[in-house]
Amino acid sequence: MMALHAYFREVADVIDECEEPAVARIKLEWWREEIRKAVNATPSHPVAKALQAVIAEYPLSCDTVLEFIDGIGMSLDRERYETFDALGVYCERVGGTVALLEASVCGYTDPATPTCLRELGVAHALACMVRDAGQHARRNRIYIPLEELARFDVSAGDILNAHESANFQSLMAHQIERVENFCQRALAQLPEADRPRQLPALIMAALDLALLHEIRADGCRVLRQRTALPPWRKLWITWQTRRREKRRGNSRQGKPA
């Protein structure tokens, strides 16, 4: 898991740290070659070397690993998305693939599990977009479908200029509701047999839902500030989720809670 997250961080940082798109494209292509070497040869980057051992031990698809790079690269070509379907492609690549790779490391037995975990990954990507809307706007990026901006009578200029009107609050409440629906659907359909192994994904979903609850309670003021859960709250939610899942497993097996 550490090797995977180091890889995700290294690739994501290419977009955040490179001001010139041409340089970012070169670096992303370099990472594609590193991943291919991690499968068939000897990579040079320490993170790629660590990932090579993970790819050798777990059933990770090289195409899925590379799909994350494709998703990050989309930010070089698009700063706006007309529809949610278009934004969904981006979320699948930067969120769904992450969850799918993590699921492969944690292990699963039911073929329905990857689909549920991928949906949780998309939900996590959407939650991050809500949380980081102001940070994205300062980079001239808007990860909210333009057709939904129009529906709620919010302009791109409102977001870029951090105008948090009542309409904007309604728009963000709609985004939060979508994430909640994604999470609830995926959690309800996640096969019981694989829930213990997929505890990290369940904890992440719980943290996302708690964060979005705080954002909504604060009036969806995400353009001028970045809401975050304090460490003690994260630990508490992690403990609660683990305890709840343990009780659920015991109940399923007929054991005392």
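Higher on the page you've got the structure.
Predicted, not measured: the structure shown is a model, and the values here were computed from it.

Rules behind the numbers
- Within any chain, residue numbers begin from 1 and follow the written order of that chain's sequence.
- Where totals are concerned, whole chains, interfaces and linings use all residues; where local detail is concerned, this predicted model gives features only for residues with pLDDT of at least 70, and gives and counts side-chain atom pairs only at 80 or more.
- As a rule here, side-chain values come from all non-hydrogen atoms in the structure, and water together with hydrogens is ignored.
- A 1.4 Å probe that fits but cannot get out identifies a cavity on a 1 Å grid over protein atoms alone, an open set with protein on both sides within 12 Å along at least five of seven lines counts as a pocket, and a residue lines either if it has an atom within 4 Å of a point.
- Grid points are joined across faces, edges and corners, and a volume is the space filled by probe spheres set on the points.
- A run of H or I in DSSP counts as a helix once it spans at least four residues, and a run of E counts as a strand once it spans at least two, with each numbered from the N terminus.
- The classification used treats Ala, Val, Leu, Ile, Met, Phe, Trp, Tyr, Cys and Pro as nonpolar, Asp, Glu, Lys and Arg as charged, and all other residues, Gly among them, as polar.
- In what follows, a disulfide is any cysteine sulfur pair within 2.5 Å.
- Per-residue accessibility, obtained with a 1.4 Å probe over protein chains only, is compared with the maximum for each type, and a residue is labelled buried under 20%, exposed over 50%, and partly exposed between these values.

A look at empty space enclosed by the protein
Taken as a whole, this structure holds 3 cavities of 30 Å³ or more when the rule is applied. Considering only enclosed or pocket space, the largest cavity measures out at about 70 Å³ in volume. Where the lining of the largest cavity is concerned, the elements lending two or more residues are α6 (113-131) and α10 (166-189). Its residues placed into classes, the lining of the largest cavity shows 7 nonpolar, 1 polar and 1 charged. By volume, the second largest cavity amounts to about 50 Å³. Taken together, Met129, Ala133, His136, Arg141, Ile142, Tyr143, Ile144 and Ile159 make up the lining of the second largest cavity. Classifying every residue of the lining of the second largest cavity by side-chain character gives 6 nonpolar, 1 polar and 1 charged.

A look at the state of the cysteines
Throughout the structure, instances matching the rule amount to 0 disulfides. Note on Cys220: no disulfide assigned, nearest cysteine sulfur contributed by Cys128 at a separation of 16 Å. Residue classification places Cys220 among the buried residues on the basis of a relative accessible area of 3%.

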